[in-house]
Amino acid sequence: MEAAFKKEMEFQAKLAKFKEMPDDTTLNSEIAILYIKREQLEKALLINKKIPDDVKLNNEVALAYLGQRQLKKALPFSKKVIENDPKNTSGLLPTLHIQLGVAYGNQIRDKTEDIAAENTKMALMHFQKVIDTYPKSDVYELAQLYLGVTYSISKQYDKSIEVLEKLVNHATDERVKLNAEANLKQVKELAAEAEQKSDN
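What you are looking at is a predicted structure, and each value in this text was computed from that prediction instead of being measured.

Colleague: Quick one: what's the story with the overall build of the protein, residue by residue and with numbers?
Modeller: Within the protein, the regular secondary structure consists of 10 helices and 0 strands. For the protein, the succession of helices and strands along the chain, N to C, is α-α-α-α-α-α-α-α-α-α. The C-alpha radius of gyration of the protein comes to 21 Å, more than 25% above the 16 Å expected for a compact globule of 200 residues. Considering only C-alpha atoms, the protein reaches an extent of 75 × 35 × 35 Å along its principal axes. Taken over 200 residues, the protein has a buried fraction of 41%. Expressed as a percentage of contacts within the protein between residues at least 6 apart in sequence, the contacts between residues at least 24 apart total 46%. Approximately 12600 Å² of the protein is accessible, and the part contributed by carbon and sulfur atoms is 52%. Each charge class in the protein was averaged separately, 30 positive and 31 negative side chains, and the resulting centres sit 4 Å apart.

Colleague: Before we move on, could you go through the confidence of the model for the protein and cite the residues and values that matter?
Modeller: With 98% of its residues at a pLDDT of at least 70, the protein reaches an overall mean of 94. The weakest mean pLDDT in the protein belongs to helix α1 (residues 2-20) at 84; the strongest belongs to helix α5 (residues 71-84) at 98.

Colleague: I'd like a description of the pattern of salt bridges, backed by residues and values.
Modeller: Within this structure, the stated rule accounts for 7 salt bridges. Put simply, E83 and K79 hold a salt bridge, and the shortest N to O gap is 3.8 Å. Residue E83 and its partner K79 are located together in helix α5, separated by 4 residues, close to a single helical turn. Residue E118 pairs with K121 through a salt bridge whose shortest N-O separation is 3.8 Å. Placement of both E118 and K121 in helix α7 (residues 113-133) is noted, with a separation of 3 residues, approximately one turn of the helix. When its relative accessible area of 51% is taken as the criterion, K121 is described as exposed.

Colleague: Tell me about unusual backbone geometry, residues and numbers included.
Modeller: One non-glycine residue, R69, adopts positive backbone phi at about 60°. Tracing the sequence through the fold places R69 in the loop between α4 (55-67) and α5. In the Ramachandran plot, K155 falls in the positive-phi region, its phi being about 65° despite a non-glycine side chain. Within the element layout of this structure, K155 appears in the loop between α8 (140-153) and α9 (157-170).

Colleague: Please set out the environment of P86 residue by residue, giving values where relevant.
Modeller: Checked against the element boundaries, P86 lands in the loop between α5 and α6 (93-106). Distance from P86 to K14, taken between C-alpha atoms, is 31 Å for residues 72 residues apart in sequence.

Colleague: Please set out the packing of α6 against α7 residue by residue, giving values where relevant.
Modeller: Two quantities define a packed helix pair, namely the angle between the axes and the distance from one axis to the other. It is the contact of α6 with α7, at a shortest axis distance of 8 Å, that shows an interaxial angle of 160°. When the axes of α6 and α7 are compared, the pair comes out roughly antiparallel. For the pair α6 and α7, the sense of crossing is left-handed. Within the contact between the two elements, α6 uses P94, H97, I98, L100, G101, V102, Y104 and G105 and α7 uses N119, M122, A123, H126, F127, K129 and V130. Residues that form the contact of α6 with α7 fall into these classes: 9 nonpolar, 5 polar and 1 charged.

Cut-offs used in this document
Residues numbered from 1 in each chain as written. Predicted model: local features only at pLDDT ≥ 70, side-chain atom pairs only at ≥ 80, totals over all residues. Heavy atoms only, no water. Helix = DSSP H or I, 4+ residues; strand = E, 2+ residues; numbered from the N terminus. Rg over C-alpha atoms; globule rule 2.2 N^0.38 Å. Buried < 20%, exposed > 50% of the residue type's maximum accessible area, 1.4 Å probe, protein only. Contact = heavy atoms within 4.5 Å. Areas by Shrake-Rupley, 256 points an atom, 1.4 Å probe, with all protein chains shown as cover. Lys, Arg positive; Asp, Glu negative; His and termini not counted. Charge placed at Lys NZ, Arg CZ, Asp CG, Glu CD. pLDDT = per-residue confidence, 0-100. Salt bridge = Lys/Arg side-chain N within 4 Å of Asp/Glu carboxyl O. Axes fitted to C-alpha atoms, helices over the stretch in contact; angles between N-to-C directions. Parallel < 35°, antiparallel > 145°, perpendicular 65-115°, else oblique. Left-handed = near helix turned anticlockwise from the far one by under 90°. Nonpolar A, V, L, I, M, F, W, Y, C, P; charged D, E, K, R; others polar.

In C-alpha cells, the structure reads:
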C-alpha cells in the first residue's frame, strides 16, 4: 500500500511539473510512458503527437498495442523506433523485434494460406534480425527458440530441427534449453508423421 501511495505521489508531482513545463520533451515522454503503465494509452497518444519521433515512447506505445494483440496499430510506432534508432543506441530493438515476431507468429494459423505465408515470413524475419544483429542481447537465445518454433508451425520441419538442435547444444539459459529440447522432440515426431503420410 505504501509503495503504491509513493508511486501515485511521484506521478502527481510529475504532472504538476509537466503543467509548468509543457514543452519539456523529456518530461512529455516520461509522463506519456507513465500513462501507458497506468493503462491510459489514449492520454499517452495525445502526448505522442507532440513528440512523434521519441524512440522510447514509440517503443512503449508499440509494445502496449502488441500486448493487446493489435499488431496493425503497433506497426507505425515500431517502424518509427526502428527508423529513428538504427544503431540500437536505446537498447530497445532486440525485444521489439521479438515481440513483433511473436505477434506475426500468433497470426499464422488464424489466416488464409496467403496471409499465413506472409505472417510466417515476417515472424521469421524479425527473429532472424535479432540472431544476425544482436548476438549479445538478452533475447538472443529466445529468438533462436522462436525461430525454430515458427519453422515448425509453418511445417518446415528440417529447418526447425536444425535450429533447435543447435540451440539445445549451445544454450546457456536453462529454460530456453529445456523448451528447445521439448520442442525438438515434438518437431521430430511431426516430421516423422509427415514423412509417413507422404510415403502412403
